Amino acid sequence: MDVTPILESLNDAQRQAVTAPAEPTLVIAGAGSGKTRVLVHRAAWLIDVEGVSPQGLLAVTFTNKAAAEMRGRIEALLDMPVNHLWIGTFHGLAHRLLRRHWREAELPQNFQIIDSDDQLRLIKRLLKNLEIDDSRWVPREIQYFINAQKDEGLRPKHLDDDGDPNRRQMISFYKEYEEVCARGGLVDFAELLLRAHELWRDNPELLAHYQRRFQHLLVDEFQDTNAIQYAWLRLLAGKEGVPFVVGDDDQSIYRWRGARVEHIHQFQKDFPSTSVVKLEQNYRSTATILNAANAVIANNNSRMGKNLWTDGADGEAIKMYAAYNERDESDFVIGRLRDWIDHGNVRADAAILYRSNAQSRVLEESLINAGIPYRVYGGLRFFERAEIKDALAYLRLIANRDDDSSFERVVNRPTRGIGARTVESMRAYARANSCAMWRAAGAIASDTLTSRSANSVLAFLNLIERMARETSGLDLQDQVDHVIHASGLVDYFKKDKGEKGETRVENLLELVSAAKSFEPDPAEEMSPLDEFLSHAALESGEGQADAWEDCVQLMTMHSAKGLEFPLVFMCGMEDGLFPHQRSIADPNGLEEERRLCYVGITRAKETLYVTFAEQRRLHGMDNFSQPSRFIAEIPDEYVEEIRPRVQVSRPMGRASGLSRRQSSIAPGDDIGIRLGQRVRHGKFGHGVILNCEGQGAHARVEVNFETAGTKWLVLSYANLDLM
Ligand code: ATP
Ligand code: MG
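Residues numbered from 1 in each chain as written. Chains lettered and ligands numbered in written order. Predicted model: local features only at pLDDT ≥ 70, side-chain atom pairs only at ≥ 80, totals over all residues. Heavy atoms only, no water.

Trainee: For this particular structure, what's the right way to read the overall build of the protein?
Mentor: Within the protein one finds 28 helices and 23 strands. For the protein, whose C-alpha radius of gyration is 28 Å, the value lies close to the compact-globule estimate of 27 Å for 723 residues. Judged by the C-alpha coordinates and their principal axes, the protein covers about 80 × 75 × 55 Å. By residue count, 55% of the 723 residues in the protein fall in the buried class. Residue pairs at least 24 apart in sequence account for 73% of intrachain contacts in the protein once pairs closer than 6 positions are excluded. Carbon and sulfur atoms make up 47% of the accessible area of the protein, which totals about 31600 Å². Each charge class in the protein can be summarised by its mean position, and for the 88 positive and 106 negative side chains these summaries are 4 Å apart. (Helix = DSSP H or I, 4+ residues; strand = E, 2+ residues; numbered from the N terminus. Rg over C-alpha atoms; globule rule 2.2 N^0.38 Å. Buried < 20%, exposed > 50% of the residue type's maximum accessible area, 1.4 Å probe, protein only. Contact = heavy atoms within 4.5 Å. Areas by Shrake-Rupley, 256 points an atom, 1.4 Å probe, with all protein chains shown as cover. Lys, Arg positive; Asp, Glu negative; His and termini not counted. Charge placed at Lys NZ, Arg CZ, Asp CG, Glu CD.)

This is the structure we're talking about:
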């Protein structure tokens, strides 16, 4: 075989890594230095040159999207399809194992995955059942506690309350929660990993089988593995396995979810024969962008330290825009985006990044108004929309009658006369008899309920049984199609006049298309429906909807990890938002935020905008903030400040000491109006100028009037008095 294509377009250090002997290898390198590329080439090299069977490789990526991409790239390098190659996220791979070995894992064959929303709902229900005040015991905190224990590999029996009554209560919630999950055959995300680990730990023969099979373990984004993931890898590697891991300590951004960058050091202790390869040349970004990123991350103390350079061009300056408020910010972003698209660029090459999910709403509104297609990664996701979850709940109930969370979700949706009290008595029965809601419903319908409620409940049970009969043997697509109609969901949302109902019906129909284009993996040993439902739960984080359309990408900085785009906007660069308020006072937290900023900057290949707003309404509150300290950490020479369309007062921020300079707009005549200026209108009374646009006779201002609310006025007609 000709080996050159695989080593072509790799630099010396990359080549060294790709062709490393079959020994533990750690590639540690900065952003854009080709780590992921090395991993892809390593896989191809092993298969093509070292003669390793694709079955002998296990590759772990951070998202399902990255997994699909990696498979595609390996196939392109080898110029042939590679079936039987296991590539996936830790969660995806763990899930596959549990499906294959459900008996050894002590799970029911038709176990269902619940996402974090379902999990939270389940915890809320549990508190209700226990008659516990959920203001004293916050469901989210319980959820966090449970997941954190699982991430560390700990079951309730491993936990000690240390005499702390709070902790004792948490542990007991964890225990209750486990029982509920076991009863319903429900598996949350953290449980996937923990179970998969226990599966191997407690079944040495099974482990030995997989150790023999997977000699080569390739792991991307290694810096963000948590304890249970690392333990799982170590088990699999055993004494003979060859782990090949790549990562960047400066991009460790999931500490809050249990990730431990210390694994980079631990790895070298656990595998003493590890050879370490460093990659130092960045191929992604212009020198300006790279230098800015390097300057920002240099402010962190806890770093392994590395030297990242590029021989590429300097490129354009980083553009900074100080917006007056979040709307001005999003108008600016959309304006620039539109110019860029008008110049013939592909929309998918542009990304808008933000710190917090909630920021997307305003940006989305502007994009919709501008008619620019976009996709949100990790925000309002297709599989998480209420109507989609309703339809999935019906499907899940058909697959598994014991799935209590699905049962409760749809028992009275569409409304069918099953009231809260009836549901409550089902719960009580289920609790008393340790059985699923399904059985409880049957029991109380023939026993305790009034005949009217009993009829409604029986009708529901019959409906599910009938749908199960009618869909058995159908194609996945026809199953989904049948269920959305037979369940009454489509009619229910059709009655909901207006756009919302319409969108919901469209989404339901979209689910049929999703089922249609869903390709079951021949390697999975489960029914297409089960596989589709697992897929829906696992992929809900990755915005698969409308994947074919060319659209602008919106995502949090966290979700942007590993990706790259010619054009990047980093929005909401304000202290308190980014770095996040709760991290500012904590040095470790602040360093993690800075790493996140480093991740954000290094996503950009050619053009980077950073924007911030003086005033921002978020989560229903108005905040006045200073520009992010991270902006001030970018040396001036790399930054160009964008002037607003009309001259208005802007925080001049940045390295200049974050001072403000006031100036006035001059629409036509210099009438001296500035943002924040108090004014009085003959009819609307007193107000404050929020925004302005246009020039001369077209200049308009947005004023927030104390009693009349916010209004846009044409300056030349408004006759505003300056106060
Ligand atoms: P991150 O830390 O962000 O995950 P990374 O280290 O994984 O980045 P890659 O995504 O593998 O980096 O590579 C960054 C970009 O540089 C990609 O577009 C890749 O194709 C390109 N690249 C990497 N190495 C080379 C090379 N030797 N020659 C040309 N292009 C390269
Ligand atoms: Mg990468």
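Trainee: Would you take a moment to explain the pattern of salt bridges for this structure?
Mentor: As a working rule, side chains carrying opposite charge can pair if their charged atoms are close by. Per the counting criterion, the structure on display carries 43 salt bridges. Salt-bridge contacts for R167 lead to D162; the nearest nitrogen and oxygen are separated by 3.8 Å. Put simply, E316 and K319 hold a salt bridge, and the shortest N to O gap is 2.8 Å. Classification of K319 as buried rests on a relative accessible area of 10%. Connected through salt bridges with shared partners, the residues K150, R155, E178, D188, E191, R195 and E198 form a single ionic network. (Salt bridge = Lys/Arg side-chain N within 4 Å of Asp/Glu carboxyl O.)

Trainee: What is the right way to look at helix α9 (residues 189–202) in this model?
Mentor: At 3.6 residues per turn, the α-helix brings residues three or four places apart onto the same side. Taking 1.5 Å per residue as the helical rise, α9 with its 14 residues ought to reach 20 Å, and the 20 Å between its terminal C-alpha atoms agrees with that figure. Burial of α9 is extensive: eleven of the 14 residues sit out of reach of the surface. Those residues of α9 lying buried are A190, E191, L192, L193, L194, R195, A196, H197, E198, L199 and W200. You can read the cap of α9 off the contacts: a side-chain oxygen lies 3.1 Å from the backbone nitrogen of A190, and it is on D188. (Expected span 1.5 Å × (residues − 1). Polar contact = N/O pair within 3.5 Å; in protein donor to acceptor, adjacent residues only side chain to side chain.)

Trainee: For this particular structure, what's the right way to read the site of ligand 1?
Mentor: Looking at ligand 1, there are 19 residues lining it, with K35, R37, Q251, E564 and R603 nearest. One nitrogen or oxygen atom from the main chain of G34 is found 3.0 Å from an oxygen atom belonging to ligand 1. Burial of ligand 1 by the protein chains amounts to 84% of its free accessible area of 630 Å². Among the elements that make up the shell around ligand 1, the one with the highest residue count is helix α3 (residues 35–48) (three residues). (Near = heavy atom within 4 Å.)

Trainee: Can you walk me through the sheet that holds strand β7 (residues 242–247) in this structure?
Mentor: Backbone-to-backbone hydrogen bonds pair the strands of a sheet. The strands run either parallel or antiparallel. Strand order across the open sheet formed by six strands is β3-β2-β6-β7-β1-β8, with parallel pairing between neighbours. With one partner strand each, in any of the chains shown, β3 (86–88) and β8 (275–279) form the two edges of the open sheet. If you compare each strand with its neighbour and ignore which way they point, the axes differ by 10° on average. The pairing of strand β2 (residues 57–60) with strand β6 (residues 216–219) spans four bridges and is classified as parallel. Within the sheet, the bridge partner assigned to A59 lies in β6 and is L218. The sheet contacts of helix α5 (residues 90–100) involve β2, β3 and β6, and relative to β3 the element is tilted by about 130°. (Pairing = 2+ DSSP bridges. Axes fitted to C-alpha atoms, helices over the stretch in contact; angles between N-to-C directions.)

Trainee: Any chance you could explain the packing of aromatic side chains here in plain terms?
Mentor: One pair of aromatic rings is described through two measures. These are the centre distance and the angle between the planes. Under the counting rule described, the total for this entry stands at 20 aromatic pairs. When the centroid spacing of 5.8 Å and the interplanar angle of 75° are considered together, the rings of F332 and Y609 count as edge-to-face. Within this pair, whereas F332 is found in helix α14 (residues 326–342), its partner Y609 is found in strand β14 (residues 604–618), the two being separated by 277 residues in sequence. Grouping aromatic residues by their ring pairs yields a cluster made of W86, F90, W200, Y210, F214 and W232. We note K319 situated over the ring of Y609; from NZ or CZ to the ring centre the distance is 5.8 Å. R401 extends its terminal NZ or CZ atom over the ring of W438, reaching a point 5.5 Å from the ring centre. (Phe/Tyr/Trp six-rings, centres within 6.5 Å; stacked < 30°, edge-to-face > 60°. Lys NZ or Arg CZ within 6 Å of the ring centre and 35° of its normal.)

Trainee: Mind showing me how you'd approach the packing of helix α18 (residues 420–432) against helix α19 (residues 437–445) here?
Mentor: For any two helices packed against each other, the geometry is given by the interaxial angle and the distance between the axes. Look at α18 against α19: their axes get within 8 Å of each other, and the N-to-C directions meet at 110°. Taken together, the axes of α18 and α19 are roughly perpendicular relative to one another. Between α18 and α19 the crossing geometry is right-handed. Residues T422, V423, S425, M426, R427, Y429 and A430 of α18 touch α19, and the partners they reach there are M437, A440, A441, A443 and I444. Here the contact of α18 with α19 is built from residues that sort into nine nonpolar, two polar and one charged. (Parallel < 35°, antiparallel > 145°, perpendicular 65-115°, else oblique. Left-handed = near helix turned anticlockwise from the far one by under 90°. Nonpolar A, V, L, I, M, F, W, Y, C, P; charged D, E, K, R; others polar.)

Trainee: Sorry if this is basic, but what is going on with the environment of N147 here?
Mentor: If you trace the backbone, N147 turns up in helix α7 (residues 139–151). Those residues in contact with N147 that sit more than four places away from it in its chain are Q119, D188 and A190.

Trainee: Even after reading the chapter, I still don't get the nonpolar core, so can you show me in this structure?
Mentor: Note that soluble globular proteins tend to have their nonpolar side chains buried in a common cluster. Formed by 60 residues in total, the largest nonpolar core has its most connected members in L58, I142, Y177, W200, Y210, F222 and W232. In this structure, this core is formed jointly by two domains, domain 1 (4–100 + 194–281) and domain 2 (112–184), each of which donates at least three residues. Setting aside chain neighbours within four positions, we find F222 in contact with Y230, L233, V245, V246, G247, H263, I264 and F267. F407, V423, I444 and F493 belong to the second-largest nonpolar core, a separate cluster that totals 49 residues. (Core = buried A, V, L, I, M, F, W, Y, C linked by side-chain atoms within 4.5 Å. Domains from an automatic or database assignment.)

Trainee: Explain the side chain of T286 to me, please; I cannot follow it from the model alone.
Mentor: The topology assignment puts T286 in the loop between β8 and α13 (287–297). Polar side-chain contacts of T286 include one of 3.5 Å to the backbone oxygen of D314. Look past the residues within four positions of T286 in its chain and what remains in contact with it is T310, A313, D314, G315, K605 and E606.

Trainee: Please explain the side chain of E702 as it appears in this structure.
Mentor: Looking at where E702 falls in the secondary structure, it is placed in strand β21 (residues 700–705). Residue classification places E702 among the buried positions, given a relative accessible area of 3%. In this structure the side chain of E702 is engaged in a polar contact, spanning 2.9 Å, whose partner is the side chain of R327. Look past the residues within four positions of E702 in its chain and what remains in contact with it is R327, V688, I689, L690, N691, T710, K711 and W712.

Trainee: I tried to follow the state of the cysteines on my own but got confused; where do I start?
Mentor: Covalent bonding between the sulfur atoms of two cysteines defines a disulfide. Applying the stated criterion to the full structure yields zero disulfides. With no disulfide of its own, C181 has C435 as its nearest cysteine by sulfur position, at a separation of 16 Å. Residue classification places C181 among the buried residues on the basis of a relative accessible area of 7%. Given the relative accessible area of 4%, C435 is considered buried. (Disulfide = S-S within 2.5 Å.)

Trainee: It is not clear to me how the pairing of β7 should be interpreted in this structure. Could you clarify?
Mentor: Within β7, six of the six residues are buried, which leaves it mostly tucked inside the rest of the structure. Every second residue of β7 is oriented toward a common face, with V242, F244 and V246 on one face and P243, V245 and G247 on the other, all of them buried. Two strands pair when backbone bridges link them, and strand β1 (residues 25–29) and β7 are joined in this way by four bridges, in the parallel orientation. Following the sheet pairing, T25 is matched in β7 by F244. The sheet contact formed by β6 and β7 spans four bridges and is parallel. Within β7, the position partnered with L217 by the bridge is P243.

Trainee: What's the story with the pairing of strand β22 (residues 709–714) in this structure? I'm lost.
Mentor: When a strand is regular, its side chains alternate between the sheet's two faces. Where β21 lies against β22, six bridges are found, and the strand directions are antiparallel. Looking at the pairing, V701 lines up with L713 of β22. The hairpin turn running from β21 into β22, its antiparallel successor, is three residues long.

Trainee: Can you help me understand the environment of I631 in this one?
Mentor: Examined against the element boundaries, I631 turns out to sit in helix α27 (residues 629–632). Separated by 19 residues in sequence, I631 and F612 place their C-alpha atoms 9.6 Å apart.

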